[in-house]
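# Remarks on the overall topology
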Amino acid sequence: MSVLHADRNKLFWVTVTRSTQVVVFIHFNTDSDLDYREQFPDIRPLIRRQFSGIWTRENAIRRFPVLQWGPQYTLKKLASDAIAGITVGLTSIPQSIAYAVVANLEPQYGLYSNFMGSFVYAFFGSVKEITIAPTAIMALMVQHKVLQLGPAGAILASFLSGCIILLLGLLNFGFVVQFISMPVITGFITAAAITIMSSQIKSLMGISSAGRSSSFVDSWANVFENVGQTRLWDALLGFGTLAILIFITLIKGRGSGRWRSFTNNLNLLRNALVVIGGGVLAYGFATRDLQPFRLTGKVASGFPTVELPPFSTTFKDEFYDFPRMLHILGSSVIAIPMISILEVVSIGKAFTKGKPVDATQEMIALGLCNIAGSFTSSIPTTASFARTAINSSSGVRTPFGGVFTGILVLSALGLLTDWFYYIPKATLAAVIIAAMVFMIEYRAVAEMWRIKRIDIIPFLVTVVSCLFAGLEYGILIGIGVNLCFLLYLISRPRIDHRTIKINSTNALILRPTNDLAFSSAEYLRDRIIRMASEHAADVVVIDGELIKYVDSTVVKNLSGTVTDLNAQGRDVLLWRWNREVQYSLYRYRKDQFMPLFRADGNEEAMIREWKSPPFGEGSV
């Protein structure tokens, strides 16, 4: 058996046979011979590789996906993209108008937000199914800012969020979304859906009172306070439209043959059909000088002015400069980009059927969409799950399908705005509520309950916080609670233990199962000392095979642990530790730690050798 031995000045190998001890190699150890100083990596090759790859053909294709699919583009693909893009546009137009209302903006702002992102993503997006447009969550995120700053608040939020998303994409910071767990995401989506549905109940019932705000609590308080203002015809139209939309969604794909095809196509066009039907009904009443419904009203015709985002504004006779606008936008400047990134990456993964999604490229594309959109009065935009699903099921072949959606929206702005006047508000409310009903993550909650019930806690905390404190604060609270769970697990590492007795020696063998950081240092020290006392150990063997990292706090506490155990008359051996971890301990107290390390393959042989070291005390 070959064993490595050392004392303060020497390192040497000893070959042990049944009758002899033969010194094979003796080497005097000096600081220059055993270099355990921490070596900092040379980052120059990494920097050279990064910059040398910027102008390569592969990187150009990755950052400009149009260069990949463009040369193979055919008329057949163009026809498929046109059909898919127009189908998405027919759904997107009424939804965008409805989401503008959710954001407390005039209806045309929904259309302003619905074409620039489609054009930009067509050339920079890497997932052909994704559609960039205003969403209910984005509308809700800027809702309160619009009440304080007017449209300028939403437009500036689009520009700032676009800049942040683009910067994070260029810095390859896609990993940040990994800090938002599934329970928190599920809770946020559920709370957003409930909040949006609550804000539309008054329109569904024909109540004209705006209320204090569109938050969850204020929305229901407004409904209960003004329930007497309910308009019968609005309520009948709203609830009837809602029932039709839910019914069409539920029968999607049922049956077989032509009936199955019919239900699928009907589901694709359901929003457009009910909005057109409601508008025709309201127009028919208007020709007879009747107006039983509350209508959307005049939608400004024409295209938006192309101009710089507003870095100052005057709203309600009060001037706001950029610092003041930024102060009012507050945490939403961070929350909107994070939620936008989360949505575009998760939706991209959902529709690529297992293929990898380039999160960096998606962030770059989304950032450019929002920056460009802010020049045409757009609110923040991101990937829309419902419209992406329609795009996918319509047979889109490339991201160029978004161009046709954008053209259709621009055509609507130029030609159809007069007709939008007759769209009943109850119909738009039903469209929004029907979409939100199916956004609530019922299945995800059931899965959490079945898989890991403790995940219900961050889910419920996120839901309650978002409903009562607001979405941007709610998701931060949810992330914070979930990180507390993670930190608790890190600060309480599992320590496997077993005892062996060799002759009269009680040995306790401890095996931490993961790396050690500062949060676990005190716990590790207390646990080792307590277990050594409980098992009356003569020698404590700490097996470091699974420990690849320690920080300075752990090193100092480990030194204190060794001192405390020695004071109790117990010896300590450090068995099978990683070389880099050993060097970290040497750099703190070489004289204390160097004699403690062992690399033997068998713990019994190691302990027997410790009891009778061939070279006396100080051998390791």
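Residues numbered from 1 in each chain as written. Predicted model: local features only at pLDDT ≥ 70, side-chain atom pairs only at ≥ 80, totals over all residues. Heavy atoms only, no water.

### Considering the overall build of the chain
Summing up its helical and strand segments, the chain has 27 helices and 12 strands in all. For the chain, buried positions account for 51% of its 620 residues. Contacts in the chain between residues at least 24 apart in sequence constitute 77% of all its contacts with a sequence separation of at least 6. For the chain, the accessible surface area stands at approximately 30,200 Å², while carbon and sulfur atoms represent 61% of it. (Helix = DSSP H or I, 4+ residues; strand = E, 2+ residues; numbered from the N terminus. Buried < 20%, exposed > 50% of the residue type's maximum accessible area, 1.4 Å probe, protein only. Contact = heavy atoms within 4.5 Å. Areas by Shrake-Rupley, 256 points an atom, 1.4 Å probe, with all protein chains shown as cover.)

### Points about the sheet that holds strand 11 (residues 571-575)
Each strand in a sheet pairs with its neighbour through backbone hydrogen bonds, running either in the same direction (parallel) or in the opposite one (antiparallel). Taken together, five strands build an open sheet; the order of strands is 8-9-10-11-12 and the sheet is mixed. Of all strands in the sheet, those with a lone pairing partner are strand 8 (495-502) and strand 12 (597-598), marking the two edges. Where strand 11 and strand 12 come together, two bridges link them in parallel fashion. For tryptophan 575, the partnering residue across the bridge sits in strand 12 and is arginine 598. Docked against the sheet, helix 24 (residues 521-534) engages strand 8, strand 9 (505-512) and strand 10 (539-543), running at close to 155 degrees with respect to strand 9. Sheet strands in contact with helix 27 (residues 603-611) are strand 8, strand 9, strand 10, strand 11 and strand 12, and its direction is about 55 degrees off that of strand 8. (Pairing = 2+ DSSP bridges. Axes fitted to C-alpha atoms, helices over the stretch in contact; angles between N-to-C directions.)

### Quick notes on the pairing of strand 11
Most of strand 11 is tucked away: four of the five residues are buried. Where strand 10 meets strand 11, five bridges bridge the pair, whose relative direction is parallel. The residue of strand 11 that forms the bridge with aspartate 543 is tryptophan 575. In this fold, the crossover linking strand 10 to strand 11 by way of helix 25 (residues 552-567) has right-handed handedness. Once you follow strand 11 into helix 26 (residues 579-593) and on to strand 12, the crossover reads as right-handed. (Right-handed = clockwise from strand over helix to strand, strands pointing away.)

### Here's the deal with unusual backbone geometry
At serine 377, a residue that is not glycine, the phi angle is positive and equals roughly 65 degrees. Phi at asparagine 503 takes a positive value of approximately 60 degrees, unusual for a residue other than glycine. Within the secondary structure layout, asparagine 503 lies in the loop between strand 8 and strand 9. You can call asparagine 503 exposed: its relative accessible area is 67%.

### Observations concerning the nonpolar core
Counting 86 residues, the largest nonpolar core has Tyr99, Met141, Phe188, Phe420 and Met436 as its most contacted members. When residues of this core are assigned to their parent elements, the largest contribution, 11 residues, is made by helix 9 (residues 182-205). Setting aside its immediate chain neighbours within four residues, phenylalanine 420 contacts Ile93, Ile97, Leu111, Thr296, Gly297, Val299 and Ala412. Listed in part, the 31 residues of the second largest apolar core include Ile542, Val572, Tyr583 and Tyr586. (Core = buried A, V, L, I, M, F, W, Y, C linked by side-chain atoms within 4.5 Å.)

### Looking at the environment of leucine 156
Summarising the element assignment, leucine 156 is placed in helix 8 (residues 151-170). Considered as a pair, leucine 156 and serine 312 are 156 residues apart in the sequence and their alpha carbons are 9.3 Å apart. Among residues more than four places away in sequence, those in contact with leucine 156 are Pro310, Phe311, Phe322, Met325 and Leu329.

### Regarding the packing of helix 24 against helix 25
Geometry of a packed helix pair, given as the angle between the helix axes and the separation of the axes. Relative to each other, helix 24 and helix 25 sit at 20 degrees, their axes nearing to 9 Å. What the angle tells us is that helix 24 and helix 25 run roughly parallel. When you trace helix 24 past helix 25, the crossing you get is right-handed. Contact residues: Ala521, Glu522, Arg525, Ile528, Ile529 and Ala532 in helix 24; Thr553, Val554, Asn557, Gly560, Thr561, Asp564 and Leu565 in helix 25. (Parallel < 35°, antiparallel > 145°, perpendicular 65-115°, else oblique. Left-handed = near helix turned anticlockwise from the far one by under 90°.)

### A word on the packing of aromatic side chains
Applying the stated criterion to the full structure yields 19 aromatic pairs. Relative to phenylalanine 293, the ring of phenylalanine 285 has its centre 5.8 Å away and its plane inclined at 80 degrees; by these criteria the two rings are edge-to-face. Using a relative accessible area of 4% as the deciding quantity, one classes phenylalanine 293 as buried. The rings of Trp69, Tyr73, Phe123, Phe400 and Phe404 are connected pair by pair, giving a single aromatic cluster. The positively charged end of arginine 576 is found above the aromatic ring belonging to tryptophan 575, 4.1 Å away from the centroid. (Phe/Tyr/Trp six-rings, centres within 6.5 Å; stacked < 30°, edge-to-face > 60°. Lys NZ or Arg CZ within 6 Å of the ring centre and 35° of its normal.)

### Digging into the pattern of salt bridges
Taken as a whole and assessed by the stated rule, the structure comprises 10 salt bridges. Two residues, lysine 128 and glutamate 129, come together in a salt bridge whose shortest N-O distance is 2.8 Å. Through salt bridges with shared partners, a single ionic network connects Arg511, Asp543, Glu545 and Arg576. (Salt bridge = Lys/Arg side-chain N within 4 Å of Asp/Glu carboxyl O.)

### Digging into the side chain of threonine 398
Among the structural elements, threonine 398 can be located in the loop between helix 17 (385-393) and helix 18 (401-415). Within the structure, the side chain of threonine 398 is placed 2.6 Å from the side chain of aspartate 81, a separation counted as a polar contact. (Polar contact = N/O pair within 3.5 Å; in protein donor to acceptor, adjacent residues only side chain to side chain.)

### Quick word on the environment of leucine 408
As for its placement among the helices and strands, leucine 408 is situated in helix 18. The class for leucine 408 is partly exposed, based on a relative accessible area of 22%. Taking the C-alpha atoms as reference points, leucine 408 and asparagine 114, 294 residues apart in sequence, are found 9.9 Å from one another. Residues contacting leucine 408, with those up to four places away along its chain left out, are Ile86, Gly89, Leu90 and Ile93.

### Things to note about a nonpolar patch on the surface
Residues Leu167, Leu171, Phe173, Phe175, Phe179, Leu483, Leu486, Leu487 and Ile490 make up a contiguous nonpolar surface patch of roughly 790 Å² in combined accessible area. Per-element tally for the nonpolar patch: the top contributor is helix 23 (residues 471-491), with four residues. If you trace the backbone, leucine 486 turns up in helix 23. Residue classification places leucine 486 among the partly exposed residues on the basis of a relative accessible area of 42%. (Patch = residues over 30% accessible without salt bridge, like charges linked within 9 Å, V, L, I, M, F, W, Y side chains within 5 Å.)

### Comments concerning the confidence of the model for the chain
A residue-level look at the chain finds 87% of positions with pLDDT of 70 or above and a mean pLDDT of 83. A low-confidence stretch, residues 1-33 (pLDDT under 50), is modelled with 61 contacts involving residues beyond four sequence positions or located in other chains. Counting interchain partners and residues more than four positions distant, the pLDDT-below-50 stretch residues 615-620 has 19 contacts. (pLDDT = per-residue confidence, 0-100.)

### Quick look at the pairing of strand 9
Each regular strand shows side chains that alternate between the opposite faces of the sheet. Counting buried positions along strand 9 yields six of eight residues, so the element is predominantly enclosed. Sheet topology places strand 8 next to strand 9; eight bridges connect them, and they run antiparallel. Its bridge partner lying in strand 9, arginine 498 is registered against isoleucine 509. The antiparallel hairpin formed by strand 8 and strand 9 contains two residues in its connecting segment, where asparagine 503 sits at a positive phi of about 60 degrees. Relative to strand 10, strand 9 is paired through four bridges, and the arrangement is parallel. Each residue of the ladder has a partner; that of alanine 507, found in strand 10, is valine 539.

### Focus on helix 20 (residues 425-437)
Every α-helix carries 3.6 residues per turn, so stepping three or four residues along brings you back to the same face. Here helix 20 is 13 residues long and its end C-alpha atoms lie 18 Å apart, about the 18 Å a rise of 1.5 Å per residue gives. Buried residues along helix 20 sit against helix 4 (75-102), helix 7 (136-149), helix 9, helix 11 (232-250) and helix 13 (270-286). (Expected span 1.5 Å × (residues − 1).)

### Topic: the environment of proline 183
Structurally, the position occupied by proline 183 is in helix 9. C-alpha of proline 183 to C-alpha of proline 458: the two residues are 275 residues apart in sequence and 6.2 Å apart in space. Setting aside anything within four residues of it in sequence, one finds proline 183 in contact with Met448, Asp455, Pro458 and Phe459.

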